[in-house]
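Chain by chain, the residues:
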Amino acid sequence: MLQRTRVAALALALGAGAFASAPATATAAAAPTISEVGISPAPPVVVFDNDVSVTFTFTTTNAATADLKLNGDTVPVTSSTVTGGLKWTGTKSFGAGAAGKWNFTATGHGDGDAAKSGTFDVVKALSTKIVDFDANPDLVDKGDTIRVSGRLLADGKGYDGQSVSVTFRERGSDNYREVTKATTGRGGWFGARVRADATGWWRADFAATGAARASVSDTDRVDVKRANLGSRIVGFDARPEPVDKGDRLSFSGALRVEGRDGLSGQRVSVFFKADDSRRWEYVTSDVTGRHGRFRASATAETSGWWRAEYRGARGVNGSVSDADWVRVNQPAPPPEEDKADTRLIKFNAYPEPVKRGKYLRFRGALQIDDEGSWEGYAGKVGLYFKPLGSKKWQYVKTTRSGDSGRLYTKVKAWNSGRWKFVFGGDEDTYGDGSRSDYVRVRR
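Residues numbered from 1 in each chain as written. Predicted model: local features only at pLDDT ≥ 70, side-chain atom pairs only at ≥ 80, totals over all residues. Heavy atoms only, no water.

1. Details of the pattern of salt bridges
Where charged atoms from two side chains of opposite charge come close, those side chains can pair. Counted according to the given criterion, the structure contains 11 salt bridges. A salt bridge links Asp141 to Lys225; the shortest N-O distance between them is 2.4 Å. In this pair, Asp141 is assigned in strand E12 (residues 139-141) and Lys225 in strand E20 (residues 220-225), connecting sequence segments 84 residues apart. For Lys225, a relative accessible area of 36% corresponds to the partly exposed category. (Salt bridge = Lys/Arg side-chain N within 4 Å of Asp/Glu carboxyl O. Helix = DSSP H or I, 4+ residues; strand = E, 2+ residues; numbered from the N terminus. Buried < 20%, exposed > 50% of the residue type's maximum accessible area, 1.4 Å probe, protein only.)

2. Looking at unusual backbone geometry
Cis peptide bonds are those with omega within 30 degrees of zero, and the linkage from Pro43 to Pro44 qualifies with -5°. Along the chain, Pro44 falls in the loop between strand E2 (38-40) and strand E3 (45-47). Pro240 follows Arg239 through a cis peptide bond whose omega is 5°. On the secondary structure map, Pro240 appears in the loop between strand E21 (231-239) and strand E22 (243-244). In this structure, His291 takes a positive phi of about 60° despite not being glycine. Residue position: His291 is located in the loop between strand E25 (281-287) and strand E26 (293-299). A residue is classified by how much of its surface remains accessible, and His291, at 35% relative accessible area, is partly exposed.

3. Observations regarding the sheet that holds strand E6 (residues 73-75)
Here 5 strands make up an open sheet; going across it, the order is E3-E10-E9-E5-E6 and the pairing mixed. The open sheet has two edge strands, E3 and E6, and neither has a second partner. Averaged over all neighbouring strand pairs, the angle between strand axes comes to 30°, with direction disregarded. Bridge count between strand E5 (residues 63-70) and E6: 3 bridges; the pairing is antiparallel. Within E6, the position partnered with Lys69 by the bridge is Thr74. (Pairing = 2+ DSSP bridges. Axes fitted to C-alpha atoms, helices over the stretch in contact; angles between N-to-C directions.)

4. What about the pairing of strand E38 (residues 417-423)?
With 5 of its 7 residues buried, E38 lies for the most part within the structure. Note: strand E35 (residues 380-387) against E38, 7 bridges, orientation antiparallel. Among the inter-strand pairings, Tyr384 is bridged to a residue of E38, identified as Lys420. Summarising the sheet, E38 and strand E39 (residues 432-433) pair through 2 bridges and their orientation is antiparallel.

5. Looking at the sheet that holds E26
Sheets are built from strands that pair by backbone hydrogen bonding, the pairs being arranged parallel or antiparallel. Taken in spatial order, the 3 strands of this open sheet run E21-E23-E26, and their pairing is antiparallel. What marks the edges here is a single partner per strand, and that holds for E21 and E26. Strand after strand, the sheet turns through a mean of 20° between neighbouring axes, direction not considered. Strand direction decides the pairing type here: strand E23 (residues 248-257) and E26, joined by 7 bridges, are antiparallel.

6. Notes on the layout of surface pockets
Approximately 460 Å³ is the volume attributed to the largest pocket. Along the walls of the largest pocket sit 23 residues, with Asp244, Arg327, Asn329, Tyr384 and Val422 positioned nearest its centre. Elements that contribute at least two residues to the lining of the largest pocket include exactly E22, E35, strand E36 (394-400) and E38. When residues of the lining of the largest pocket are assigned to their parent elements, the largest contribution, 4 residues, is made by E35. (1 Å grid on protein atoms, 1.4 Å probe; cavity = no way out; pocket = protein on both sides within 12 Å on 5 of 7 lines; lining within 4 Å. Points joined across faces, edges and corners; volume = space filled by probe spheres on them.)

7. Notes on a positive patch on the surface
A surface patch of positive charge is lined by Lys355, Lys358, Lys412, Arg440 and Arg442. Assignment of secondary structure puts Lys358 in the loop between strand E32 (354-355) and strand E33 (359-370). (Patch = residues over 30% accessible without salt bridge, like charges linked within 9 Å, V, L, I, M, F, W, Y side chains within 5 Å. Areas by Shrake-Rupley, 256 points an atom, 1.4 Å probe, with all protein chains shown as cover. Lys, Arg positive; Asp, Glu negative; His and termini not counted. Charge placed at Lys NZ, Arg CZ, Asp CG, Glu CD.)

8. Remarks on the environment of Gln367
You can see Gln367 is positioned in strand E33. Owing to a relative accessible area of 15%, Gln367 belongs among the buried residues under this scheme. Considering only alpha carbons, one finds Gln367 and Ser277, 90 residues apart in sequence, at a separation of 39 Å. In contact with Gln367, not counting residues within four places along its chain, are Asp341, Thr342, Arg343, Ile345, Trp374, Glu375, Gly376 and Tyr377. (Contact = heavy atoms within 4.5 Å.)

9. Considerations on the confidence of the model for the chain
The predicted coordinates ought not to be read in detail in places where the model reports low pLDDT. Counting all residues, the mean pLDDT for the chain is 90, and 93% of those residues have values of 70 or more. A low-confidence stretch, residues 1-25 (pLDDT under 50), is modelled with 0 contacts involving residues beyond four sequence positions or located in other chains. (pLDDT = per-residue confidence, 0-100.)

10. Regarding the side chain of Thr60
Positionally, Thr60 belongs in strand E4 (residues 52-61). For Thr60, a relative accessible area of 1% translates into the label buried. Engagement of the side chain of Thr60 in a polar contact is seen with the side chain of Trp88, the distance being 2.7 Å. Not counting residues up to four positions away in its chain, the partners in contact with Thr60 are Thr33, Ile34, Gly84, Gly85, Leu86, Trp88 and Gly108. (Polar contact = N/O pair within 3.5 Å; in protein donor to acceptor, adjacent residues only side chain to side chain.)

11. With respect to the pairing of E4
Alternating residues of E4 divide into Val52, Val54, Phe56, Phe58 and Thr60, all buried, and Ser53, Thr55, Thr57, Thr59 and Thr61, none buried. Here strand E1 (residues 33-34) pairs with E4 via 2 bridges, running antiparallel. Bridged to Thr33 within E4 is Thr61. Looking at chain direction, E2 and E4 are connected through 3 bridges and run antiparallel. The partner of Ile39 across the bridge, within E4, is Phe56. Pairing analysis gives 9 bridges linking E4 to strand E8 (residues 85-94), with the strands arranged antiparallel. Each bridged residue has a counterpart across the sheet, and for Ser53 the counterpart in E8 is Ser93.

Structure, rendered in structure tokens:
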């Protein structure tokens with residue numbers, strides 16, 4: 001009995017102890033998570049002369065440990081606490097020999113694993129070179145435009161879509177300055193037009209980018225000379241107009257040079273082109289005197305155009321004057337015995353005096369000797385004028401008489417002098433001239 005009691009008590013005690021030590025119901029642990037892997041600098045990773053340190057970062061939750069592998073090799077990582085988990089960081093240096101495609105895997109370890117994988121490229125920086133650089137032409141006037149051109153290569157191939165600076169160093173200076181920029185096109189070619197104001201050296205510069213090295217072209221010198229001064233011939237005049245064949249024509253004018261009143265000591269030539277010709281022929285010349293003035297003369301042979309030409313000199317461009325047309329009156333043919341005489345009578349120029357610029361009127365009559373009786377005659381009559389102080393009559397205009405022989409015309413008066421009518425005759429009549437009439441012109 002006692003023995004049974006002890007056994008029962010022991011069983012009761014053991015049962016109570018076993019019940020007390022039984023664990024409470026367990027809660028399942030959360031699985032780890034992992035973010036995308038950040039890579040800095042962003043791929044592709046470009047390597048220049050020095051190694052590039054690349055940082056890899058990722059964030060985990062519910063992970064006590066983590067690891068990072070690049071191409072299967074482990075990269076040490078460190079952790080820092082962030083909201084909701086841990087931030088893991090690892091770094092690795094890449095040199096030029098590491099160029100290629102790389103694999104990475106980041107893994108967070110907890111109640112299970114969470115991983116992210118991917119690839120990135122490591123590339124060697126492009127080696128650039130500017131070739132075929134040229135500044136053309138090599139000799140220009142100051143202020144002229146030149147063209148600069150060349151080709152940008154990257155690893156031996158045309159590198160398009162890149163910005164290239166065109167720079168210039170003036171003779172006597174040690175520094176290049178940027179003048180303009182150009183963008184490379186297909187095949188890496190570029191070009192620009194720039195103004196040349198001084199002698200010096202031109203070149204093209206390509207600044208380093210995140211993917212390519214810098215480069216500088218060879219230099220090309222352009223010489224700039226002072227631009228020639230412009231010249232012009234002013235006031236060229238051939239006179240008198242008209243002139244009789246065999247009489248002398250006088251030529252005058254002045255040679256002007258940019259920035260000066262006149263240029264002395266320069267030879268100016270006079271050329272002539274007949275009405276029925278296309279060719280200008282040299283006739284005479286003169287050397288300019290004070291204020292660039294020149295004078296020359298020649299015998300009038302036929303109607304045509306006259307002009308003056310200056311060939312230019314060192315530092316001065318040549319020039320040509322406006323052309324001046326001169327009518328040359330040919331001698332009348334010998335009179336025929338059966339022609340009738342004519343006369344110009346009652347010639348009058350009025351009003352007298354006349355104000356400068358106002359109309360001066362002319363009247364007269366052309367008559368023919370008809371078997372001893374003077375009758376009115378229809379014909380062309382020229383009006384001529386001889387300025388005060390001149391010895392030459394100048395043709396002004398032509399008018400026509402009717403059957404009555406009466407003549408009337410008008411012209412504006414500019415200078416004092418004598419006027420007259422002249423009938424040159426025709427196939428039936430001899431010519432004649434009227435008396436002259438002096439008219440004073442008031443200013």
